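Results of the structural survey
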Amino acid sequence: MKEISCKLLVIGAGPGGYVCAIRTGQLGLDTVIVEDSRVGGTCLNVGCIPSKALIHVADEYARMAGMAGSGSPLGISIAAPELDLARTVEWKDRIVGRLTTGVSGLLKKAKVKIVNGRARFRDGKTVEVETETGTQVVRAENVVIATGSGPTELAGLPFGGRVISSTEALALTERPGSMAILGAGYIGLELGMAFAKLGTKVTVVEAEDAILPRYDRELTRPVERQLRQLGVDLLLGARARGLASGGEALIVETAEGAEARVAADHFLVTVGRRPITDGWGREELVLDMDGRFIRIDERCQTSMRGIYAIGDVTGEPMLAHRAMAQGEMVAEIVAGHRRAWDRRCVPAVCFTDPEIVVAGLSPEEARAEGREVRVAQFPFSANGRAMTMEAEEGFVRVVARADNNLLLGIQAVGKGVAELSSTFALAIEMGARLEDIAGTIHAHPTQGEAFQEAALRALGHPLHI
Ligand code: FAD
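The rules we used
Residues numbered from 1 in each chain as written. Predicted model: local features only at pLDDT ≥ 70, side-chain atom pairs only at ≥ 80, totals over all residues. Heavy atoms only, no water. Phe/Tyr/Trp six-rings, centres within 6.5 Å; stacked < 30°, edge-to-face > 60°. Helix = DSSP H or I, 4+ residues; strand = E, 2+ residues; numbered from the N terminus. Buried < 20%, exposed > 50% of the residue type's maximum accessible area, 1.4 Å probe, protein only. Lys NZ or Arg CZ within 6 Å of the ring centre and 35° of its normal. 1 Å grid on protein atoms, 1.4 Å probe; cavity = no way out; pocket = protein on both sides within 12 Å on 5 of 7 lines; lining within 4 Å. Points joined across faces, edges and corners; volume = space filled by probe spheres on them. Near = heavy atom within 4 Å. Polar contact = N/O pair within 3.5 Å; in protein donor to acceptor, adjacent residues only side chain to side chain. Areas by Shrake-Rupley, 256 points an atom, 1.4 Å probe, with all protein chains shown as cover. Nonpolar A, V, L, I, M, F, W, Y, C, P; charged D, E, K, R; others polar. Pairing = 2+ DSSP bridges. Contact = heavy atoms within 4.5 Å. Axes fitted to C-alpha atoms, helices over the stretch in contact; angles between N-to-C directions. Expected span 1.5 Å × (residues − 1).

1. With respect to the packing of aromatic side chains
One pass over the full model with this rule turns up two aromatic pairs. For the ring pair F424 and F451, a centre distance of 5.0 Å and an interplane angle of 65° mean the geometry is edge-to-face. On the criterion of sequence distance, the pair formed by F424 in helix 11 (residues 421–429) and F451 in helix 13 (residues 449–458) is long-range, its members being 27 residues apart. A single burial state applies to F424 and to F451, both of which are buried. Between R343 and the ring centre of W341, over which it is positioned, the NZ or CZ distance is 5.2 Å.

2. A few points about the layout of surface pockets
Of the volumes computed, that of the second largest pocket is approximately 270 Å³. Counting residues per element, the ones that place at least two in the lining of the second largest pocket are helix 3 (48–67) and helix 4 (85–109). With five residues, helix 3 is the largest single contributor of residues to the lining of the second largest pocket.

3. Points about the site of the ligand
Around the ligand, the structure places 39 residues, and the nearest of them are E35, T42, K52, D312 and A320. One of the side-chain nitrogen or oxygen atoms of Y186 is found 3.1 Å away from a nitrogen atom of the ligand. The backbone of A320 places a nitrogen or oxygen atom 2.9 Å from an oxygen atom of the ligand. Here the ligand loses 94% of its free accessible area of 1000 Å² to cover by the protein chains. Those elements giving two or more residues to the shell around the ligand turn out to be helix 1 (15–26), strand 2 (31–35), helix 2 (41–46), helix 3, strand 4 (118–123), helix 6 (186–197) and helix 8 (320–334). Counting residues per element, the shell around the ligand draws most heavily on helix 2, which supplies four residues. For the shell around the ligand, a count of residues per class yields 17 nonpolar, 15 polar and seven charged.

4. Overview of the sheet that holds strand 8 (residues 163–164)
Read across the sheet, five strands follow the order 8-15-9-10-11 without closing on themselves; strand pairing throughout is parallel. Each end of this open sheet is capped by a strand with a single partner; those strands are strand 8 and strand 11 (233–236). Taken together, the two bridges between strand 8 and strand 15 (residues 266–269) define a ladder with parallel strand orientation. Looking across to strand 15, one finds that V163 is bridged to F267. Here helix 6 sits on the sheet and contacts strand 9 (178–182), strand 10 (201–206) and strand 15; the angle it forms with strand 10, its principal contact strand, is near 160°.

5. Points about helix 4
For helix 4, which comprises 25 residues, the first-to-last C-alpha distance of 36 Å matches the rise-based estimate of 36 Å (1.5 Å per residue) to within 8%. When we look at burial in helix 4, the residues that qualify are L85, T88, V89, K92, V96, T100, V103, S104 and L107. Positive backbone phi, approximately 65°, marks K111, located one or two places after helix 4.

Structure follows, in structure tokens:
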């Protein structure tokens, strides 16, 4: 049995773990990272990047299909596009390959030792890794648990055969004729809209009475409209009960209490993600839990000294950029820096059509905190750049304290608004007030001008509406 010692051991090389390891390596700490599967974790291999690649292909295809035949109002007409999904997947895999190779290179450059295999705690300072060449024991002064999350199964619908998770959906090499999607959260709708654009007949089954239940209706309404325009059948307030015998149809209890059957080639289950808290020897430790997640404090320290946890395994929002920010912070803490989680917001983007961005508090959340707020929105239908991009649907909304105009939240829905998310987060992080946004010269013509106009409108003197 081989043994190595290090200052820091990171378990899991997803965005949380690999960023943490790169930063400790940069700081000169002796670092080991263990990865059971592929460097890059969910995000690079089967999550953020592959899904955005598929969405891009679907958008391109739909755009071309819209121009085919009679021609589009833009004055362009082309022959109907054809799709070779196997080539699409190859293209997506090349992007993933470039990124994961890049991450391995960055880890090596930072002198991080990468061990491939499954890690399991023996005790709080010792981890055994099952590698292809035998067991490797790693003794570490500090350990970071960054084991991430996996897809949640639905009772009565275990994964296998026609019942698939996002991982399998992103690897399909033939366009399905039909697909039923269980769960109208962001993952289900991002993939559902992409497949609908590629020509798949999509049905969405959601137990709540609205799509994207975590977002307010004003933001989700344009997405719902587009879903209907794409011919997606929405069964809201409906519950999947299991597969009919033969497995070709899903039995659904509708909102009215009736039984419906949805036949489909694939049943894609996207009802959430579960933290990976088992399979790595948690029973050898004494870790406090916070529901399904590992409990952490503002330094990502668990209830055991020298053991930290970051990323999806620590709770919501389960997003790659939160995991990365935690990873970077923990690296500096282990290196002796004084750091604590002081971020004012974790922006979130739904890459649906149109896209949704939220940063900070929604009007309801702010009011629920007992705050008096000023809320204003500016529609893209009054924004010149949006008109030139055929992107007039949607708006930017600001939420500010009524007493001093401090921005508490910014939201937007519209084509391409994902790129505004950093501006929104920056404004909140810097403690911007409405006057700061209104007083910043926004380049013309850009969609960002809608942010300035929303701030002006909240101040009572919009210029372009
Ligand atoms: P993960 O990325 O899950 O990585 C954990 C790693 O730990 C894995 O590689 C796993 O193999 C390894 N591991 C686990 N146990 C062990 C063990 N015992 N030994 C060794 N290794 C182990 N987030 C966004 O911010 N934006 C998006 O657009 C977005 N889109 C998504 C789309 C899809 C389809 C999915 C599924 C997710 C998406 N996410 C998105 C979420 C994002 O992927 C996760 O939030 C992020 O990957 C979490 O990072 P992490 O480091 O905590 O864990």
